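Tertiary structure, described
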Amino acid sequence: MPEKQQPLAIFQSLRKDAFDALEEAPDFASICRVEADYLGKNGRLTHILKSLKEMPEQERKIMGSAANVLKKELEEKIKLKKAEMRKQPFVQHANNFVDITIPGKKISRGHLHPITRVLREVAEIFESMGFEIVEGPEVETEYYNFDALNIPKNHPARDMWDTLWLKPLENRMLLRAHTSPMEIRYMEKNNPPLRIIAPGRCFRYEATDATHEFQFYQVEGLMVGEKINFSHLKGVLEVFLKRLFKNQEIEIRFIPAYYPFVEPGIQVDFRMNKKGKWLEIAGAGMTHPQVFKNVKLNPKSWQGFAFGIGLDRIAMLKYKIDDIRLFHSGDLRFIKQF
Ligand code: PHE
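Residues numbered from 1 in each chain as written. Predicted model: local features only at pLDDT ≥ 70, side-chain atom pairs only at ≥ 80, totals over all residues. Heavy atoms only, no water.

Within the protein chain, the secondary structure is distributed over eleven helices and ten strands. Taken over the C-alpha trace, the protein chain has a radius of gyration of 41 Å; the compact-globule value for 338 residues is 20 Å, which it surpasses by more than 25%. In terms of overall dimensions, the protein chain has C-alpha extents of about 130 × 50 × 35 Å along its principal axes. Within the protein chain, the fraction of its 338 residues that count as buried is 41%. Nonlocal contacts in the protein chain, meaning residues at least 24 apart in sequence, comprise 64% of its contacts between residues at least 6 apart. A total accessible area of about 20,000 Å² is found for the protein chain, and carbon and sulfur atoms account for 53% of it. (Helix = DSSP H or I, 4+ residues; strand = E, 2+ residues; numbered from the N terminus. Rg over C-alpha atoms; globule rule 2.2 N^0.38 Å. Buried < 20%, exposed > 50% of the residue type's maximum accessible area, 1.4 Å probe, protein only. Contact = heavy atoms within 4.5 Å. Areas by Shrake-Rupley, 256 points an atom, 1.4 Å probe, with all protein chains shown as cover.)

See the structure below:
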């Protein structure tokens, strides 16, 4: 009969709507919304259930049982859907939901590279002794790296620095092989008396191993005055090492060595105490008269000392690192220890 079939058709379309909505529900909140839409206080099915009591008895029986069947069916389906949703990864049903109980993401802070730390300490110690800190270019000319330092072309001493030349070769540009060019650059522009250190990166065409890198750091030192002599050099280096290693027992010794820009030239060794092993730490010497002439200073009026300290070596000793290559490896397991 049309009157009876028509009300029952309502349940069919209601059922279809509800099931479709549940099927499409993308998250937990959407399922709850479907639940409210059909079974909530003002839900579509609830509405029908409430209106039953106004219906004639026969109709009420038919409508009532159909409504209750659908209600049960829907409740079960919703329960099932919710359980399914709970099993899914959190994000998929959390669109409208912020979980304030999740621990925050930790932001890991960076820190200074061990070489930078040592460099800053070294600079601080020399600063306290009145030295000015200056810096210069890593790409140098042949003149500053060699000629002005009394190392002429074709002089065998050039072999001491395995140089990385830049193309085109006719330009005679290179990656500085030491920080000594800064002695020239500074004295060209400043008159003595002077006290400077010039820290920086140097480069040499060398095979790498545990103690050699093609890039490394030096700290150049230069002190010029009317009566600066060898004992000043010894005093400055001794104070420097004692402060850096916080060790008053440190001793240093000078061994003759050849560098064309100093005369006499020496190698500086030091040891932690009387029983310690001698370790090479710097090249040094008294500034060569020709170097003064090259910067238009009168060698009869001025005397000075210069040194070049290997900074990587110092960092290795200070932090007990046995392989220089670790400094530039970018290996976080190494770098995070400092
Ligand atoms: N520049 C020299 C080197 O790299 C070291 C040095 C510096 C020697 C200053 C004497 C004086 O080997």
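There's more to say after this.
Let's shift gears to the sheet that holds strand β7 (residues 251-256). Taking strand neighbours across the sheet as the criterion, the seven strands line up as β1-β5-β6-β10-β9-β8-β7 in an open arrangement whose pairing is mixed. Two strands lie at the open edges of the sheet, namely β1 (132-133) and β7, each paired on one side alone. In this structure, β1 lies alongside strand β5 (residues 194-203), joined through two bridges in parallel fashion. If you follow I133 over to β5, its bridge partner there is I197. Strands β6 (215-225), β8 (262-271), β9 (279-287) and β10 (303-310) of the sheet are contacted by helix α10 (residues 311-319), whose axis makes an angle of about 55° with β10. (Pairing = 2+ DSSP bridges. Axes fitted to C-alpha atoms, helices over the stretch in contact; angles between N-to-C directions.)

To continue, consider the site of the ligand. Around the ligand, the structure places 15 residues, and the nearest of them are H178, S180, R204, Q218 and G308. Take H178: an N or O atom from its side chain is 2.9 Å from a nitrogen atom of the ligand. Between the ligand and Q218, the relevant distance is 2.9 Å, taken from an oxygen atom to a side-chain nitrogen or oxygen of the residue. Relative to its unbound accessible area of 330 Å², the ligand is 94% covered by the protein chains. If you map the ligand onto the pockets, it falls in the largest pocket. (Near = heavy atom within 4 Å. Polar contact = N/O pair within 3.5 Å; in protein donor to acceptor, adjacent residues only side chain to side chain. 1 Å grid on protein atoms, 1.4 Å probe; cavity = no way out; pocket = protein on both sides within 12 Å on 5 of 7 lines; lining within 4 Å. Sits in = over half its atoms within 2 Å of the grid points.)

Here we come to the sheet that holds strand β2 (residues 139-141). Reading across from one edge, β2-β4-β3 is the order of the three strands in this open sheet, with antiparallel pairing throughout. Either end of the sheet is taken by a strand with one partner, and the two such strands are β2 and β3 (164-165). Both β3 and strand β4 (residues 173-175) contribute to a ladder of two bridges, which runs antiparallel. Each bridged residue has a counterpart across the sheet, and for W165 the counterpart in β4 is L174.

A few words now on the packing of helix α2 (residues 28-39) against helix α3 (residues 44-51). Between α2 and α3, the least distance of the axes is 3 Å, while the angle of their chain directions is 20°. By the criterion of interaxial angle, the relationship of α2 to α3 is roughly parallel. When α2 is examined against α3, the residues D37, Y38 and L39 are found in contact with a partner set consisting of R44, L45 and T46. Its residues assigned to classes, the contact of α2 with α3 shows three nonpolar, one polar and two charged. (Parallel < 35°, antiparallel > 145°, perpendicular 65-115°, else oblique. Nonpolar A, V, L, I, M, F, W, Y, C, P; charged D, E, K, R; others polar.)

In this structure, β7 lies alongside β8, joined through six bridges in antiparallel fashion. Each residue of the ladder has a partner; that of R253, found in β8, is D269. Adjacent in sequence and paired antiparallel, β7 and β8 are bridged by five residues.

All chains considered together, the criterion is met by 14 aromatic pairs. Three or more aromatic residues joined by ring pairs form one cluster here, namely F126, F131, F240, F305 and F307. The ring of F19 has R15 sitting right over it, with the charged end atom 4.5 Å from the ring centre. Lying over the aromatic face of Y144, R185 brings its terminal NZ or CZ to 4.1 Å of the ring centre. (Phe/Tyr/Trp six-rings, centres within 6.5 Å; stacked < 30°, edge-to-face > 60°. Lys NZ or Arg CZ within 6 Å of the ring centre and 35° of its normal.)

Where α2 meets helix α4 (residues 57-87), the closest approach of the two axes is 10 Å, and the angle between their N-to-C directions is 170°. By the angle between their directions, the pair α2 and α4 is classed as roughly antiparallel. For the pair formed by α2 and α4, the contact residues are F28, I31, C32, E35, Y38 and L39 on the first element and K71, L74, E75, I78, K81, K82, M85 and R86 on the second. Looking at side-chain class alone, the contact of α2 with α4 contains eight nonpolar, no polar and six charged residues.

Distances and angles like these do not, on their own, reveal function.
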